[in-house]
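An overview of the molecular structure
For reference, the chains in residue letters:
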4 protein chains.
Amino acid sequence: MIFDVAAEIDYAVGFRSAMILSLHAQESSSQKILKEEFSIEPKVAFTEFRDDHGNRFVRLDTANRTQLTVRYAASVDCIFDVQRADQIAATPVTALDHPAVPYLFPSRYCQSDRLGKLAWDLFGNLETPHDKVMKITEWIHDNVDYVPGSTNAVTSAYDTVTQRVGVCRDFAHLGIALCRALNIPARYFTGYAYELQPPDFHACFECLIGGNWMVFDATRLAHLNGLVRIATGRDAADTAVASVFGSVNPTRMKVSCDLGRNQHFVPIRSEKLGPRGVSIAASAD
Amino acid sequence: MIFDVAAEIDYAVGFRSAMILSLHAQESSSQKILKEEFSIEPKVAFTEFRDDHGNRFVRLDTANRTQLTVRYAASVDCIFDVQRADQIAATPVTALDHPAVPYLFPSRYCQSDRLGKLAWDLFGNLETPHDKVMKITEWIHDNVDYVPGSTNAVTSAYDTVTQRVGVCRDFAHLGIALCRALNIPARYFTGYAYELQPPDFHACFECLIGGNWMVFDATRLAHLNGLVRIATGRDAADTAVASVFGSVNPTRMKVSCDLGRNQHFVPIRSEKLGPRGVSIAASAD
Amino acid sequence: MIFDVAAEIDYAVGFRSAMILSLHAQESSSQKILKEEFSIEPKVAFTEFRDDHGNRFVRLDTANRTQLTVRYAASVDCIFDVQRADQIAATPVTALDHPAVPYLFPSRYCQSDRLGKLAWDLFGNLETPHDKVMKITEWIHDNVDYVPGSTNAVTSAYDTVTQRVGVCRDFAHLGIALCRALNIPARYFTGYAYELQPPDFHACFECLIGGNWMVFDATRLAHLNGLVRIATGRDAADTAVASVFGSVNPTRMKVSCDLGRNQHFVPIRSEKLGPRGVSIAASAD
Amino acid sequence: MIFDVAAEIDYAVGFRSAMILSLHAQESSSQKILKEEFSIEPKVAFTEFRDDHGNRFVRLDTANRTQLTVRYAASVDCIFDVQRADQIAATPVTALDHPAVPYLFPSRYCQSDRLGKLAWDLFGNLETPHDKVMKITEWIHDNVDYVPGSTNAVTSAYDTVTQRVGVCRDFAHLGIALCRALNIPARYFTGYAYELQPPDFHACFECLIGGNWMVFDATRLAHLNGLVRIATGRDAADTAVASVFGSVNPTRMKVSCDLGRNQHFVPIRSEKLGPRGVSIAASAD
């Protein structure tokens, strides 16, 4: 499925700063970049780099600019792999590939170590990892209200589990924390999302189940097969659209994700999956 | 410098569990394993693996054991690289090698995002990254009391900066958080420590300065050139001696780190380094 | 019902300190002191005072003592007032007597302001305040494990609601926080408890419903009609057995609560009350 | 000194709710109400009450109103009592009047129990309680930035001591927490403030020193002798302008505090007091 994604962000620069931007679509076996443009105005020097997980970053020094406009646009071909839940084998911790191990541990916004008893009480009796994650996703959807502006940059899963209000970031953090508490590797996913209303970057989470990183969205705001991956990481700390080292603040942002020409899209929605339905591996990476 | 390290730990197993052990000495260009033994009694199947950072782990399933004794012993040749502080160049964020980037971000126990203003107020005016880290290390030593048993598994840098009491783990977390808040990559270091009293595993931290990961110990309990590295990670969450997925608790632990035969050891101590003295790169990895 | 209560506590004094002790039985229309003894050894000067709520305190200066033994013993006649739940009228906030108002607000260990949505989601649909508190008490009992030593002096309701483990103090704090979040005045109760195993001081909580402060015990460890009140307050911060201003630590403690001679005791237990059963007003104060 | 104070607040009512308003000037021996008007439009029934500390509240039920405008205006004669700091005697805990005792304990936003070591490290060596509080006030002023909108309703002293940014409420909470940690009774003060820019309600704190509650303002935004007291309490939880039990939100607020006719005002400012200067007892209550 081909999507045309774009982002345009204005930044105000308080003083000379460094930035790491993360808005390029990831490139992988399940996500091919057909074409792509990136620019910064006024011009500043920048470098692109990829981390070991395939995330692509742009690093720049604002020099003496006081304002910057960043533009990214791409056509991306995304392959989604739909699986029958009852055919997903559990992967015990002792059989995990080692790159998955850090995703078992607590991180800044996902304090799985503090949610252990609650996670086991609520979800421990479910049989398979897939059942557990489906139920976690449903529980978050049913118990946490999506309220724009209700949380801030320090809100973590430990808060959201009690305060029960948040945005996509908070929903994802709570999902990740609960999964890790149950010994299921879980990571944060950011990307562009087709038909997301209002248009914005989106965050959800992935779990490593049966050898694949399967995507879950407790907000139910995105089509599971309508996601174009930017980055994955332990939580939002790793995958900020802009990590700022100095003083830079966004003043305007425009994000879009449209269907490529001649594409026929049949949405797969979280709420239609059913407890033993299917899930989607957005990446087998 | 050659050290003979050993650890022997008894674990009580509550029910069938998985474990990831981290007590093997790391193997790298600056740390060579001369000989090594590892055993688990009663016998259980286990596998060794290394992560991308050279950390070595043992993964096991306790099966039906109710008690396990884990033994590790090694002779390790450690190369320390002493540098003059005034010759250490600063590395701007825009010039960092990409594997260092995650060490700029907050993690479970090192909430650098919440310590920003304090860090800049206290240390922002110091000229070089090395000066900043030296001063941070000194400040922690002067303001935080080392009290065994004073903290627990959920204590984080955000607590320690105010409560001002802790153990080596807490000293390291606070150092890391303050460094990251100042845009200096910092990571958690665990290892064996020569002449540590009482003998135990030790934790301190490393900062990437001038192209090297340099080691700092705010507890001043270890010789900087008396450390045998087990693992590095974002914080203690990544580098636990035993990450338990189930119910396993240590009941007895014996750790030692002795000088190899015919080794002549001249200690390098944190408190002797001076504000513009030297630091030690335990690894250039 | 007459109870013979006693407490004997040894304290080690680090340096000259002030202390406020709270272990005298409260004196009120529903709790009469028949006889009473109090002593401190070695002798130090002390004064007794009562606050506006009838709590009785002893204030002392340790002077140059390095060790103190405090002894209290009393025979106390407690009147319990059993009510039918379906005859308890709700008291709207606008009709509360003003001394009850502070018990609507959050306090150190009872952050009702952060538990609002959760409290309303879980208990908001129950019809009467009494139903709500009964269900809260049951929910805590069912979801929080009573584990001696599992928490510490900084643990609060905000932690317990997620960590789901604690001691009587934590059970009480969580009950209070949830009630206040639902606009039901709630306060912390400390006292002696008949047949509590192991013998100790006990904490539970009271809610102002239908004009009476009714007692609830989410631990279900005490008989509701086996309680001898020491003090009430907003939370444990107000009612510590010993508030220390300096350095004083308990080294031994012995607490007892026995039935007075010729008393016939028919226990009333939390778990027997039923959702629309009866509750006990230990004080109409 | 006579001040004319006024407040006018519009509230939007989401659904039928109860409210407790706290915007009446307190009446005491040091603060006399010369004249006063209070109204709610559209008309709803309300009752006034006073708590044991002289705080005056208005309690109301919004009934079916969807919008309310509350107006208060008064002329208030405030007596300020200036004292020489070197003549203020210390009051040991053992000599405190009992109503002051709760102000020694931690509260919702003032976790003095967690700030103990920091408080003693920074201020413990100062000789008198007055010196300690003066230095605390200065330290907060020097280390915490006043930034409107930087904090929210859950921000507490434990946060502010590290995050070092806040509004008057946060400055007051931190001052109170540090004082209580040093065994100095401290309470939250809300009121009208002459020449406060921009005009608003103001919060600062009072300490019981030498038998008087003396006022301190770490923001240095108010004249110490330009304050008209509304209420005191343990912290902001006790003294909210509007405590809402339901759904009511302010949509517009206008606050003023002018000098009465023919009054001659000589400001007394925090920064002019000097380390051993004078302080102001706004109330001997």
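Criteria and thresholds
Residues numbered from 1 in each chain as written. Chains lettered and ligands numbered in written order. Predicted model: local features only at pLDDT ≥ 70, side-chain atom pairs only at ≥ 80, totals over all residues. Contact = placed C-beta atoms within 7 Å. Helix = DSSP H or I, 4+ residues; strand = E, 2+ residues; numbered from the N terminus. Nonpolar A, V, L, I, M, F, W, Y, C, P; charged D, E, K, R; others polar. Least-squares fit on C-alpha atoms with pLDDT ≥ 70 in both. Buried ≥ 20, exposed ≤ 12 C-beta atoms within 10 Å, placed from the backbone. Pairing = 2+ DSSP bridges. Domains from an automatic or database assignment.

The partner chain D presents 27 residues to the 27 residues of chain C that form the contact. Elements with a minimum of two residues in the side of chain C that touches chain D: strand E1 (2-21) and strand E4 (56-61) of chain C. For the side of chain C that touches chain D, the leading source of residues is E4(C), giving three residues. In terms of residue class, the side of chain C that touches chain D is built from 14 nonpolar, five polar and eight charged.

Interface size is commonly expressed as the accessible surface area that is lost when the partners come together. With 27 residues of chain A in contact, the opposing surface of chain B contributes 27 residues. Of all the elements in the fold, those that place two or more residues in the side of chain A that touches chain B are strand E1 (2-21) and strand E4 (56-61) of chain A. The element that contributes the greatest number of residues to the side of chain A that touches chain B is E4(A), accounting for three residues. Along the lines of polarity and charge, the residues of the side of chain A that touches chain B split into 14 nonpolar, five polar and eight charged.

With that out of the way, let us pick up the relation of the copies chain C and chain D. Copy one and copy two of the chain differ by a rotation about an axis and a translation along that axis. The transformation that overlays chain C on chain D combines an axial shift of 0.0 Å with a rotation of 180°, and the residual RMSD is 0.0 Å. Overall, the copies show the geometry of a two-fold rotation axis. Minimal C-alpha distance to the rotation axis in chain C is attained by Arg108(C), lying at 1.9 Å. Looking at chain C, 100% of its interface residues are interface residues in chain D too, so the copies touch through the same face.

The subject of this paragraph is the pairing of strand E12 (residues 227-233) of chain A. All names here are of chain A. For E12, the tally of buried residues reaches seven of seven residues, placing the bulk of the element in the interior. Relative to E12, strand E9 (residues 186-193) runs antiparallel, the two sharing six bridges. Counterpart to Thr190 in the pairing with E12 is Ala231.

This part is about the relation of the copies chain A and chain B. Superposing chain A onto chain B takes a rotation of 180° combined with a translation of 0.0 Å along the rotation axis, leaving an RMSD of 0.0 Å. Looking at the interface residues of chain A, 100% of them are also at the interface in chain B, so both copies use one shared face.

A separate point is the pairing of strand E9 (residues 186-193) of chain C. Looking along a regular strand, one sees the side chains alternate between the two faces of the sheet. All names here are of chain C. With eight of eight residues buried, E9 lies mostly within the body of the structure. Direction of pairing for E9 relative to strand E10 (residues 201-209): antiparallel, over a ladder of seven bridges. Across the sheet, Phe189 pairs through a bridge with Cys204, a residue of E10.

Turning next to the domain arrangement of chain A. All names here are of chain A. Under the domain assignment used here, chain A contains domain 1 (2-79 + 241-259) and domain 2 (81-239 + 263-283). A C-alpha centroid distance of 24 Å is found between domain 1 and domain 2. The interface is formed by 21 residues belonging to domain 1 together with 18 residues belonging to domain 2. Every element with two or more residues in the side of domain 1 that touches domain 2 is listed here: E1, strand E5 (67-78) and strand E13 (242-259). Looking at the side of domain 1 that touches domain 2, the element that brings in the most residues is E13, giving four residues. Split by residue class, the side of domain 1 that touches domain 2 holds twelve nonpolar, nine polar and no charged.

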